[in-house]
Amino acid sequence: FRSCVNKKTGKDYAVKVINKTKLTEKESELIHTEIAILSLVQHKNIVMLMETFETATAMYIVMELLRGGELYTNICGRAILTEEEAFRIIYPLTECLAYLHSMGIIHR
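Everything numeric here is computed off the predicted structure, so don't read it as measured data.

> Is there a simple way to think about the sheet that holds strand β4 (residues 58–64) in this case?
The strands that make up a sheet are held in pairs by hydrogen bonds between backbone atoms, and each pair lies either parallel or antiparallel. Here we have four strands laid out as an open sheet, ordered β1-β2-β4-β3, and antiparallel in their pairing. In this open sheet, the two edge strands, each paired with only one partner strand, are β1 (2–5) and β3 (49–54). Sheet twist, expressed as the mean angle between neighbouring strand axes with direction ignored, is 30°. As judged from the four bridges shared by β1 and strand β2 (residues 12–19), these two strands associate in the antiparallel manner. Bridge pairing in β2 links Arg-2 to Val-15. Most of the contacts of helix α1 (residues 25–40) go to β4, to which it runs at about 25°, and overall it touches β2, β3 and β4.

Cut-offs and rules
Residues numbered from 1 in each chain as written. Predicted model: local features only at pLDDT ≥ 70, side-chain atom pairs only at ≥ 80, totals over all residues. Heavy atoms only, no water. Pairing = 2+ DSSP bridges. Helix = DSSP H or I, 4+ residues; strand = E, 2+ residues; numbered from the N terminus. Axes fitted to C-alpha atoms, helices over the stretch in contact; angles between N-to-C directions. Contact = heavy atoms within 4.5 Å.

This is the structure in structure tokens:
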């Protein structure tokens, strides 16, 4: 991921740059599926797709910029989480999964 800025608004976004020349047909299909799903979902705990751009050699997927790092990085190396910490992590995750399942989408 890289960051980018909307020149008109000054707002920061994240952009996923994908080299199309190195993709297999299956990988390309999975990326198009990911884009289709992100364009459908609207949930406070799911990253928002803003725009996609494509050239002959690259795909650019522009999403809202989320700060705070990866969940794995934040909990890695910790032997124990308190019940409250676990709740703050698990509740939004289960809420998202329930939302996705209600739309017929399964997250693996």
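There is more to say after this.
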